[in-house]
Amino acid sequence: MPGQRVLVFVSPGFLQTTIQSEASELADRATHSNIVINTIDARALYAPDVMGDIANPPRDSFRTAGFKTSYRVSAQLAQEDVLAQLADGTGGRFFHNRNDVDEAMREAGAAPAVSYLLGFSPQNLKIDGRYHALKVSLTNKEKYTVQARHGYYAPRSISDPAEATNAEIREALFSQEEIHDLPVELQTQFFRKDEAGSRLAVLTRLDLRAIHFRKTEGRNNNQLTIVTGIFDENGNYITGGQKTVEMKLLDATYERLSHSGLTVKSSFDVKPGTYMVRLVVRDAEGSQMAARNGAVVIPY
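Just so you know, these numbers come straight off a predicted model, no measurement behind them.

Chemist: Residue-level account of the environment of alanine 110, with values.
Modeler: Its place among the elements puts alanine 110 in the loop between helix 4 (101-108) and strand 4 (131-133). In this structure, the C-alpha to C-alpha distance between alanine 110 and leucine 7, residues 103 residues apart in sequence, is 9.7 Å. Alanine 110 has contacts with Val6 and Asn38, leaving out every residue within four places of it along the chain.

Chemist: Any chance you could break down the side chain of serine 266 for me, citing the residues and the numbers?
Modeler: Residue position: serine 266 is located in strand 12 (residues 262-270). When sequence neighbours within four positions are dropped, the list of residues in contact with serine 266 reads Leu200, Ala201, Val202, Thr228 and Lys243.

Chemist: Kindly report on the sheet that holds strand 8 (residues 198-206), identifying the contributing residues and their values.
Modeler: Pairing is antiparallel across the open sheet formed by three strands, whose spatial order is 7-8-12. Edge positions in the sheet fall to strand 7 (184-192) and strand 12, since each of these pairs with one other strand and no more. Taking the axes of each pair of neighbouring strands and ignoring which way they run, one obtains an average angle of 20° across the sheet.

Chemist: Could you give me a rundown of the sheet that holds strand 2 (residues 35-41), with the residues and numbers involved?
Modeler: Strand-to-strand pairing in sheets goes through backbone hydrogen bonds, with the strands running parallel or antiparallel. Here three strands make up an open sheet; going across it, the order is 1-2-3 and the pairing parallel. Pairing within the sheet leaves two strands with one partner each, and these edge strands are strand 1 (5-11) and strand 3 (94-95). Where strand 2 lies against strand 3, two bridges are found, and the strand directions are parallel. Paired with isoleucine 40 across the bridge in strand 3 is phenylalanine 95. The strands touched by helix 3 (residues 81-90) are strand 1, strand 2 and strand 3; relative to strand 2, the strand with the most contacts, the crossing angle is about 150°. Where helix 4 meets the sheet, it contacts strand 1, strand 2 and strand 3, and its direction lies at approximately 175° from that of strand 2.

Chemist: Which residues make up helix 5 (residues 161-173), and what values do they have?
Modeler: In a regular helix each residue adds 1.5 Å, so 13 residues correspond to 18 Å; helix 5 covers 18 Å between its end C-alpha atoms and thus fits that length. Those residues of helix 5 that sit buried are Ile169, Ala172 and Leu173. Summarising the axial view, the buried residues of helix 5 lie within an arc of 105°, below the 170-degree limit, and thus occupy one face.

Chemist: Got a sec to walk through the nonpolar core? Specific residues and values, please.
Modeler: Among the nonpolar cores identified, the biggest contains 27 residues, and Leu208, Leu224, Ile230 and Met247 are the most heavily contacted of them. Elements with a contribution of two residues or more to this core: strand 7, strand 8, strand 10 (219-232), strand 11 (237-249), strand 12, strand 13 (273-283) and strand 14 (289-298). Residues in contact with leucine 224, not counting those within four places in the same chain, are Leu206, Ile211, Lys243, Thr244, Val245, Met247, Leu262, Val281, Arg282 and Asp283. Among the nonpolar cores identified, the runner-up in size contains seven residues, and Ile169, Ala172, Met289 and Ala291 belong to it.

The rules behind these values
- Residues numbered from 1 in each chain as written.
- Predicted model: local features only at pLDDT ≥ 70, side-chain atom pairs only at ≥ 80, totals over all residues.
- Heavy atoms only, no water.
- Helix = DSSP H or I, 4+ residues; strand = E, 2+ residues; numbered from the N terminus.
- Contact = heavy atoms within 4.5 Å.
- Pairing = 2+ DSSP bridges.
- Axes fitted to C-alpha atoms, helices over the stretch in contact; angles between N-to-C directions.
- Expected span 1.5 Å × (residues − 1).
- Buried < 20%, exposed > 50% of the residue type's maximum accessible area, 1.4 Å probe, protein only.
- Arc of directions from axis to C-beta.
- Core = buried A, V, L, I, M, F, W, Y, C linked by side-chain atoms within 4.5 Å.

Rendered as structure tokens:
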């Protein structure tokens with residue numbers, strides 16, 4: 001759905017060594033999708049279990065009892081680290097060591113009043129999957145506390161750029177959130193073919209003046225990927241299509257299209273009904289994207 005989303009996650013915790021990297025990737029995806037994750041420790045206010053399971057009491061000697069007790073306490077405290085990581089990494093709140101679960105659920109279901117999105121591009125990053133610590137601090141001396149991500153994991157492999165682009169477009173197509181990186185207008189037209197079907201035309205108009213072109217051999221080069229999806233009133237995918245527009249424009253052609261704009265038409269055969277048209281446009285040179293929604297009602 002459009003706008004800011006909040007995900008409330010309730011759990012007694014995780015084994016830290018098995019899920020840290022996956023939690024870091026999840027925080028990345030949530031941040032890119034404008035999703036805040038609020039987490040609640042389902043154990044509420046609890047005391048560490050220093051004696052182990054009552055059904056299987058420990059039979060340790062005085063030489064090992066202290067070490068094993070310390071290990072059990074540390075393990076139980078570490079279970080909440082992933083919950084804290086998900087909340088801190090997405091601008092959410094981590095509710096723990098409290099018994100008012102009803103109040104925690106109420107607060108966790110609300111979006112944060114104020115949050116900031118900070119980003120940076122690490123230099124000379126090695127593709128080794130290692131953990132890198134982060135620290136966000138205030139430069140002034142005000143007595144504020146900062147809740148931010150504590151670190152990230154480097155990727156273990158470099159994904160194929162083409163696959164990453166297709167995944168980005170596919171994710172945008174099945175979302176309903178509009179993206180305005182590119183100046184794109186969506187228009188629809190339809191006409192009846194017969195009593196059982198109609199022809200739906202989707203017009204994509206793009207202002208080329210806001211797009212970066214690469215100048216090579218006297219031509220202005222870029223590539224546009226235009227993807228259209230037709231959904232019914234229940235959100236089910238009906239049909240769609242993809243077009244690739246390869247632009248190698250002479251200066252005169254570029255000047256003319258800069259004033260008139262570029263229009264691309266896609267047509268689909270549909271039955272009478274109510275539809276939502278989803279349009280996604282991405283350019284290759286700037287890696288910018290636009291997404292638009294349009295409603296169409298074709299009478300019976």
